[in-house]
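# Residue-level structure breakdown
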Amino acid sequence: MMNLMTGVFPIGAHLAGWRHPDSWPLTNMRLDVFIEMAKLAERGKFDMLFLADGNAVRAMDDPIMFVANTNTDRPSTYDPLMILAVLAQHTTHIGLFCTAVTTFDQPYLLARRFGSLDHLSNGRACWNVVTGNYEGDALNFGHTEHVPKDERYERADEFVTICKGLWDSWAEDAFIEDKASGRFLDPAKVQRLNHVGKHYTVQGPLNVARLPQGYPVLASAGQSEAGRELAARHAEVIFSVALTKAEAQAFYQDQKARVVRHGRNPDHVRIMPGISVYTGTSEAEADELYAELQELIPSNVGVASLSKFCRMDLSGFPIDGPLPDLSEEVVGMMSYRKSIDQIATQQNLTIRQMYKLIVPSAGHVTFKGTVDQVVDQMEDWYRSKAADGFNVSMPVLPRSLNTFVDLVIPELQRRGLFRTEYPQGNLRNILGLPTPERQINPNGAWQFHKPA
Ligand SMILES: Cc1cc2nc3c(=O)[nH]c(=O)nc-3n(C[C@H](O)[C@H](O)[C@H](O)COP(=O)(O)O)c2cc1C
């Protein structure tokens, strides 16, 4: 069965989505909008709702992008864990998935927050483990420049390993709460972590009972060598970025092989490329929405947006000329840069053609056409092992999510590709993932030491 998630920022995934008449009139810090989207996605039986995150106001050094607002820069946004805790109270089944950055946080604090969300939602928490792809984030945490990538990924590996250990603190039946005997907890059912590592020292135990899911579902989005290795060791959901099916297949094969090399079952990992969907009751309706949105992008914003995806200022190059060489490694966003470089070279695209290609899909592939045409492509990617499911971007909200739920989901269901009901249980049951067993730490048993 295919898995589906959707990333929802109310301004929509198309760069000009927020300007379209069918978008919300106002979106900034509007809780009602998030609640409505969560309910809508749950009506569509989506596996998960995703909120990206970072720790800075981005793009201030690029006035064109800053003033135009952009769908990934999020100049003003809720802390996603807080909003997911609220959404947990307005939904019953849908997975609640957000990013938290390891580089500037502490494992104890994040293990506790995701543990709390898992309890608050009856086992629906999912964490996108990222190391922070925006160098400006570092400047808010005592650094003068971004932490080098290898160090970020090394810290992330130790960070996640600690979190897993902390989530193993308590056995499921540790809290007896027996009023008759007066025993609240069983001290034999808790363990310390006693971690002393290169970057962190954490004693434990966590002050949160065993999570409904054991651990929250762990996800990862890195595409570089270090990112793929982190995902292979820990991630159960992996985002991918691919503008063609062949590219998605290559990533899928590579990532599943890495998972196997780390001694894990490849069926316990869901690879979900991003897609941006433009559809409607007819092909003409899909084309019209697409054209309307493309018209709403000023060309200087289009070039600035492409520059951001490429991590290179393209404003000095002729807009109707070819892209410059992008093969050099840069900090952050390498996945997008590589993909753009490859496709621009293969298809001989100009800067204008390239931004028109990637802006509608926020760097992902666009599936546009009738419902049948869109579902044909989804089915083809799924059956040809380019994807286990999709991270569906909605160009205009709420319109595109409504269309997807009312038209695309029923066709996926009719073809037997997608569930008609949520299964019983938690997010692991929805995604078809096993529950991790509690690992016993041989040096973690609680002993009472009377102070001398
Ligand atoms: C679908 C998707 C969602 C992402 N979400 C975030 C995010 O919320 N916050 C963040 O800092 N980075 C995010 N990233 C960036 C990745 O964490 C990663 O830095 C990027 O893909 C580049 O890979 P690399 O770090 O291995 O070079 C996301 C990437 C993708 C593809």
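Everything quoted here is computed from the prediction, not taken from an experiment.

Attention now moves to the overall build of the protein. Check the secondary structure of the protein and you find 15 helices and 13 strands. Its C-alpha atoms give the protein a radius of gyration of 22 Å, within 12% of the compact-globule value 22 Å for 452 residues. For the protein, the spread of C-alpha atoms along the principal axes amounts to about 80 × 50 × 45 Å. In the protein, the proportion of contacts linking residues at least 24 apart, taken out of those at least 6 apart, comes to 77%. Only carbon and sulfur atoms are counted for the fraction: they give 52% of the accessible area of the protein, which is about 19,600 Å². Charged side chains in the protein number 44 positive and 53 negative. The centres of these two groups are separated by 5 Å.

Across its 14 residues, helix α4 (residues 107–120) extends 20 Å between first and last C-alpha, which sits within 8% of the 20 Å expected from 1.5 Å per residue. Of the residues making up α4, those classed as buried are Pro107, Leu110, Ala111, Phe114, Gly115, Leu117 and Asp118. Down the axis of α4, the buried set is contained in an arc of 160°. They therefore lie on one face.

The full set close to the ligand counts 21 residues, and Asp53, Thr99, Lys149, Tyr153 and Ser224 are the nearest of them. In this structure, Ala221 approaches the ligand through a main-chain N or O atom, which is 3.0 Å from an oxygen atom. The protein chains hide 95% of the 610 Å² of surface that the ligand would expose on its own. At the level of secondary structure, the elements contributing two or more residues to the shell around the ligand comprise β4 (125–130), α6 (149–167) and α11 (334–347). When its residues are assigned to classes, the shell around the ligand shows eight nonpolar, 10 polar and three charged.

Sequence positions flagged by UniProt for "domain: Luciferase-like" (unreviewed entry) are, in local numbering, residues 23–316. Taken end to end, residues 23–316 is 40% helix and 15% strand, and its first and last C-alpha atoms sit 33 Å apart.

Time to look at the packing of aromatic side chains. Taken as a whole and judged by the stated rule, the model has 17 aromatic pairs. A centroid spacing of 5.7 Å and a plane angle of 40° characterise the contact between Trp167 and Tyr215, whose relative ring orientation is tilted. A residue pair is termed long-range when its members are at least 10 positions apart, and Trp167 in helix α6 and Tyr215 in the loop between β8 (201–202) and β9 (217–220) qualify at 48 residues. Pairwise contacts between aromatic rings join Phe114, Trp127, Phe159, Trp167, Tyr200 and Tyr215 into one cluster. Note that Lys308 overlies the ring of Phe309, its terminal NZ or CZ placed 5.7 Å from the centroid.

A word on the pattern of salt bridges. Under the counting rule described, the total for this entry stands at 27 salt bridges. Among the ionic pairs, Arg155 bridges to Glu151, the shortest N-O distance being 3.4 Å. Taken together, the residues Arg155 and Glu151, both in helix α6 and four residues apart, mark about one turn of the helix. Overall, Arg155 belongs to the buried group, its relative accessible area being 19%. For Arg258, the salt bridge identified is with Glu225, shortest N-O distance 3.0 Å. Placement of Arg258 in helix α8 (residues 245–261) and of Glu225 in helix α7 (residues 225–234) is noted, with a sequence separation of 33 residues between them. Taking the relative accessible area as the measure of exposure, Glu225 reaches 52% and is therefore exposed.

Okay, the UniProt feature "binding site: FMN" (unreviewed entry) in the protein next. Summarizing the sequence annotation, UniProt attributes the feature "binding site: FMN" (unreviewed entry) to Asp53, Thr99, Tyr153 and Ser224 in the numbering used throughout. With respect to the helices and strands, Tyr153 occurs in helix α6. If we ignore the near neighbours within four places in the chain, the residues touching Tyr153 are Thr131, Gly222, Ser224, Ala226, Gly227 and Leu230. The buried category is assigned to Ser224, whose relative accessible area is 12%. The residues touching Ser224, leaving out its near neighbours within four places in the chain, are Lys149 and Tyr153.

Once that is clear, we can look at the pairing of strand β5 (residues 175–178). Summarising the sheet, β5 and strand β6 (residues 183–185) pair through two bridges and their orientation is antiparallel. Counterpart to Phe175 in the pairing with β6 is Leu185. In sequence, β5 turns back onto β6 through a hairpin of four residues, with Gly182 there showing a positive phi of about 85°.

Basis of the calculations
- Residues numbered from 1 in each chain as written.
- Predicted model: local features only at pLDDT ≥ 70, side-chain atom pairs only at ≥ 80, totals over all residues.
- Heavy atoms only, no water.
- Helix = DSSP H or I, 4+ residues; strand = E, 2+ residues; numbered from the N terminus.
- Rg over C-alpha atoms; globule rule 2.2 N^0.38 Å.
- Contact = heavy atoms within 4.5 Å.
- Areas by Shrake-Rupley, 256 points an atom, 1.4 Å probe, with all protein chains shown as cover.
- Lys, Arg positive; Asp, Glu negative; His and termini not counted.
- Charge placed at Lys NZ, Arg CZ, Asp CG, Glu CD.
- Expected span 1.5 Å × (residues − 1).
- Buried < 20%, exposed > 50% of the residue type's maximum accessible area, 1.4 Å probe, protein only.
- Arc of directions from axis to C-beta.
- Near = heavy atom within 4 Å.
- Polar contact = N/O pair within 3.5 Å; in protein donor to acceptor, adjacent residues only side chain to side chain.
- Nonpolar A, V, L, I, M, F, W, Y, C, P; charged D, E, K, R; others polar.
- UniProt positions renumbered as here; feature names shortened; annotations may be inferred.
- Phe/Tyr/Trp six-rings, centres within 6.5 Å; stacked < 30°, edge-to-face > 60°.
- Lys NZ or Arg CZ within 6 Å of the ring centre and 35° of its normal.
- Salt bridge = Lys/Arg side-chain N within 4 Å of Asp/Glu carboxyl O.
- Pairing = 2+ DSSP bridges.

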